[in-house]
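Coordinates in review
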Amino acid sequence: MTVGVLIVDDDELIRVGLRAIIDAQPDLHVLAEAADGAEVPPLVARHRPDVVLMDVRMPGIDGIQATRHLLATSADPPRVLVVTTFANDEYVYEALRAGASGFLLKRARPAEVVEAVRVVAAGESLLFPAAIRQLVGAYGPAGGDRLDAARLTEREAEVLRLMTTGRSNPEIAAHLVVGVETVKTHVGNVLAKLGVRDRTQAVIAAYESGFVTPSG
């Protein structure tokens, strides 16, 4: 199955470079490009991409606003992968909180770009878990009651804890000595109870509530 990608960046050189990297892969294809976040909703409606590569800083509608609007207004929104110059950036953290599934540095190697798109599209593992932990430690509020209200079972809480370490579904299954389908069910339950769309938001909720701590 081919993963359709929308590239959103105000820098034409960045867009050209990302398109060349992505279109060189047999399972990835760039559907369209945009130079501003305001262009995202109509392009998503027209092309229905699986992943949006979203520049976090743009002069018009930035990546945070565009991500928040996209996820709030689209019935079946694509995954959003934030593209940024700096990893330890409050803009990146706010984009993740707005619903982005991960982030990618503009200086990333071609192989890292390809892997990031594939990971985010699959949605069964966490992109750069250590970096997300550092972002939450630097910018995240603490003391929320989201986990208490979710009333996770003991096994669901165990699965969430393993998710925060970046383990994929097969890795969690191996650790718990259960089937992958069982893990998928637990992960789905965790996301539903927390009211989040994907693993990244679940992990952020786990850190912000104090269920796990950025320091370990």
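Residues numbered from 1 in each chain as written. Predicted model: local features only at pLDDT ≥ 70, side-chain atom pairs only at ≥ 80, totals over all residues. Heavy atoms only, no water.

1. Describing the overall build of the protein
- If you tally the helices and strands in the protein, you get 11 helices and 5 strands.
- The C-alpha radius of gyration computed for the protein amounts to 17 Å, which stays within 12% of the reference 17 Å derived for 216 residues, consistent with globular compactness.
- By its C-alpha atoms, the protein is 50 × 35 × 30 Å across when sized along the principal axes.
- Counting the 216 residues in the protein, one finds 48% classified as buried.
- A sequence separation of at least 24 residues applies to 68% of the contacts in the protein between residues at least 6 apart.
- If you sum the accessible surface of the protein, you get close to 10100 Å²; carbon and sulfur atoms cover 52% of it. (Helix = DSSP H or I, 4+ residues; strand = E, 2+ residues; numbered from the N terminus. Rg over C-alpha atoms; globule rule 2.2 N^0.38 Å. Buried < 20%, exposed > 50% of the residue type's maximum accessible area, 1.4 Å probe, protein only. Contact = heavy atoms within 4.5 Å. Areas by Shrake-Rupley, 256 points an atom, 1.4 Å probe, with all protein chains shown as cover.)

2. Notes on the side chain of threonine 84
- Within the secondary structure, threonine 84 sits in strand β4 (residues 79–84).
- Note on threonine 84: relative accessible area 1%, which makes it buried.
- Apart from residues lying up to four places away in sequence, threonine 84 is in contact with Val56, Asp89, Val92, Phe103, Leu104, Leu105 and Lys106.

3. A closer look at the side chain of serine 101
- Along the chain, serine 101 falls in the loop between α4 (90–98) and β5 (102–105).
- Leave out the neighbours within four places in its chain, and serine 101 touches Arg79, Val80, Leu96, Val120, Asp198 and Thr200.

4. Describing the packing of aromatic side chains
- Inspection of every chain in the model, using the stated rule, returns 2 aromatic pairs.
- Between the NZ or CZ atom of arginine 57 and the centre of the ring of tyrosine 91, over which it lies, the distance is 3.9 Å.
- It is arginine 161 that lies over the ring of phenylalanine 211; its NZ or CZ is 4.4 Å from the centre. (Phe/Tyr/Trp six-rings, centres within 6.5 Å; stacked < 30°, edge-to-face > 60°. Lys NZ or Arg CZ within 6 Å of the ring centre and 35° of its normal.)

5. Brief notes about the nonpolar core
- Residues Leu160, Met163 and Leu194 are the most contacted members of the largest nonpolar core, which totals 52 residues.
- Looking at this core element by element, the count peaks at 6 residues for helix α11 (residues 199–208).
- Ignoring sequence-local partners within four residues, the contact set of leucine 160 consists of Leu147, Leu152, Val190, Leu194, Ala202, Ala206 and Phe211.
- Val3, Leu18, Val117 and Val120 belong to the second-largest nonpolar core, a separate cluster that totals 21 residues. (Core = buried A, V, L, I, M, F, W, Y, C linked by side-chain atoms within 4.5 Å.)

6. Remarks on unusual backbone geometry
- Here the phi dihedral of phenylalanine 128 falls at roughly 55°; this positive angle occurs in a residue that is not glycine.
- Among the secondary structure elements, phenylalanine 128 is positioned in the loop between α5 (110–122) and α6 (129–139).
- Assessed through its relative accessible area of 34%, phenylalanine 128 is described here as partly exposed.
- Positioned with a positive phi, valine 177 is a non-glycine residue whose angle comes to about 60°.

7. Overview of the pairing of strand β2 (residues 28–34)
- Bridging between strand β1 (residues 3–8) and β2 involves 6 bridges; their strand directions are parallel. Following the sheet pairing, isoleucine 7 is matched in β2 by glutamate 33.
- Since β1 and β2 lie parallel, the crossover through helix α1 (residues 12–23) that links them has a hand, and here it is right-handed. (Pairing = 2+ DSSP bridges. Right-handed = clockwise from strand over helix to strand, strands pointing away.)

8. A word on the pattern of salt bridges
- Considering all chains together, one arrives at 14 salt bridges under this definition.
- In this structure, the salt-bridge partner of glutamate 158 is arginine 155, at a minimum N-O distance of 3.1 Å. Here glutamate 158 and its partner arginine 155 are both found in helix α8 (residues 154–164), 3 residues apart, which amounts to about one turn of the helix.
- The exposure class of arginine 155 is partly exposed, given its relative accessible area of 31%. (Salt bridge = Lys/Arg side-chain N within 4 Å of Asp/Glu carboxyl O.)

Geometric descriptors of this kind do not, in isolation, establish any biological role.
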